[in-house]
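Chains, contacts and geometry: an overview
Listed here are the chains, written in short residue letters.
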Amino acid sequence: MWGGRFERGPAEIMEEINASIAFDQRLYAQDIAASKAHARMLATRQIISQADADAISAGLDRIKGEIDQGSFTFSRSLEDIHMNVESRLKELVGEAAGRLHTARSRNDQVATDFRLWVRDEIDNLDRALAAFQKALVAQAAKHTDTIMPGFTHLQIAQPVTFGHHLLAYVEMAARDRARFAAARVRANENPLGAAALAGTSFPVDRKQTTKDLGFAEPMRNSLDAVSARDFALEFLGAAAICATNLSRLADEIVLWCSPGFRFVRLTDAYTTGSSIMPQKRNPDAAELVRAKCARVTGALVTLLGVMKGLPLTYAKDMQEDKEAVFDGADSLALSVAAMTGMVEDLEADKTAMRRAAGEGFSTATDLADWLVRALKKPFREAHHITGRIVAMAEARGSKLEDLSLKELQSVEPGITAEALKVLSLDAAVASRTSFGGTAPENVKAQVKYWQEQLK
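Attention in this report is confined to the structure presented alongside it. (Residues numbered from 1 in each chain as written. Predicted model: local features only at pLDDT ≥ 70, side-chain atom pairs only at ≥ 80, totals over all residues. Heavy atoms only, no water.)

Looking at the packing of aromatic side chains
- Going through the model one piece at a time under the given rule, you end up with nine aromatic pairs.
- With a centroid separation of 4.8 Å and 55° between ring planes, the pair formed by Phe-72 and Phe-74 is classed as tilted.
- Take Phe-72: its relative accessible area is 10%, and that puts it in the buried class.
- Looking at Phe-74, the relative accessible area reads 26%, which means it is partly exposed.
- Taken together, a centroid distance of 5.5 Å and an interplanar angle of 75° make the contact between Phe-114 and Phe-231 edge-to-face. You can see Phe-114 sitting in helix α6 (residues 106–142) and its partner Phe-231 sitting in helix α10 (residues 230–257), a full 117 residues away along the chain.
- You can call Phe-114 buried: its relative accessible area is 0%.
- Taken together, the ring pairs in this structure connect Phe-114, Trp-117, Phe-231 and Phe-326 into an aromatic cluster. (Phe/Tyr/Trp six-rings, centres within 6.5 Å; stacked < 30°, edge-to-face > 60°. Buried < 20%, exposed > 50% of the residue type's maximum accessible area, 1.4 Å probe, protein only. Helix = DSSP H or I, 4+ residues; strand = E, 2+ residues; numbered from the N terminus.)

Have a look at this one:
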């Protein structure tokens, strides 16, 4: 492929380390689309004939069909997807194939293909995340008043509703989608026409290929066009944050399925058994989502390491960009799909959730708030009084709501029977009416909001 400059082929180990076709063949659809756009532009600018452009386009369509159908033979000796396609194109259309590479380099070619691929992957992930949100909202709609414990430090803190808890992940996914959308804007610039690094002397029309490929605009600096991979880094950054959010929910599902919680149950579709312990039902899908987060984060760190020391412009190091991005994208896509399935599959145990919410003196804050409202106590004093009452209940092995009025008054004489009403779980949850709070009416409103947003 190197023409007259080289007299001998590469050493076997050089071919082994240099070839990228094993993984960059995934870019074939984007590579063919970009090549067709380039050929059309070359013909429009009369750099090549229309007949050659037509032959090239027809040949590329046939190659795409062969790859789609699995009949295309990839050759490692041809290194990458670009040369594999070009070699097959020469077999199909002859001399015209050699004119396709006029006014471009593999440097701007791969940068274009990679941006197109990342853009397509962002679109796929956006649809998948929307489906994940819809699954969460559907479950939340069934549990707007299902009481469960809210936690801080994994200690029971205050009662909330299960629907409210699930909607927190809808919000996270919305931010994930926004990050991907922002990354897509910056990725959606056209490097094609930058050639190797300095541009080209041919009268190309970069605006035509930009429009043809759906880019927003051509990149303004040829050096940046061929060497930038920050679009891939930004994609992986958004992916790592998204995977982290999914991992948090996965971890909660693992906890919720455990005997210590029993908040939810997953069916056989998303659990596995044990080879030795017949009683086991393991939430393996959630555990794997939790682990795949590390792969996505690792992909980001890998690409940061590849790029951190590279001078402008292209260096062969950058061939190592794609495997990390592909693996990160695959791991995230699989995680989103698995998490969506689990959310749709899970069945909440309302009784277990409510029972747990009643532990840990979870309505103590409601008593402190009552002391502030009814007795006009400063909150810090109300906090101290309530703490003494909690200590008394703990010493007696009882719940706050089981204490008698007389017992409460032994700590604070001003407490009246009205205070007993705020100690129930239902009253505590219903009282949280501030915007964004867990009151069932709030949760119903947020469910409706997200149903509208996700139409």
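Describing unusual backbone geometry
- Note that the residue after Leu-312, namely Thr-313, is joined by a cis bond; omega there is 5°.
- The phi torsion at Ala-103 lies on the positive side, around 65°, for a residue other than glycine.
- Within the fold, Ala-103 resides in the loop between α5 (81–93) and α6.
- Classification of Ala-103 as buried rests on a relative accessible area of 8%.

Some remarks on the environment of Thr-267
- Along the chain, the position of Thr-267 falls in the loop between β5 (264–265) and α11 (284–307).
- What Thr-267 contacts, discounting residues up to four positions off in sequence, is Arg-281 and Asp-345.
- A distance of 2.6 Å separates the side chain of Thr-267 from the side chain of Asp-345, its partner in a polar contact. (Contact = heavy atoms within 4.5 Å. Polar contact = N/O pair within 3.5 Å; in protein donor to acceptor, adjacent residues only side chain to side chain.)

Quick notes on the environment of Arg-26
- Structurally, the position occupied by Arg-26 is in the loop between α2 (21–24) and α3 (28–44).
- Considering only alpha carbons, one finds Arg-26 and Gly-163, 137 residues apart in sequence, at a separation of 40 Å.
- In contact with Arg-26, not counting residues within four places along its chain, are Trp-117, Phe-326 and Asp-330.

Quick notes on the pattern of salt bridges
- All told, the structure shown has 30 salt bridges when counted by the stated rule.
- Between Asp-251 and Arg-290 there is a salt bridge, and its shortest N-O distance comes to 2.7 Å. Linking Asp-251 in helix α10 with Arg-290 in helix α11, this pair joins segments that are 39 residues apart in sequence.
- The class of Arg-290 is partly exposed, set by a relative accessible area of 32%.
- Linking Glu-418 and Lys-421 is a salt bridge whose minimum nitrogen-to-oxygen distance equals 3.1 Å. With Glu-418 and Lys-421 both in helix α17 (residues 418–421), this residue pair falls three residues apart, about one helical turn.
- Glu-418 sits in the partly exposed class, given a relative accessible area of 44%.
- Look at the salt bridges and you will find they share partners, linking Arg-62, Glu-66, Arg-88 and Glu-91 into a network. (Salt bridge = Lys/Arg side-chain N within 4 Å of Asp/Glu carboxyl O.)

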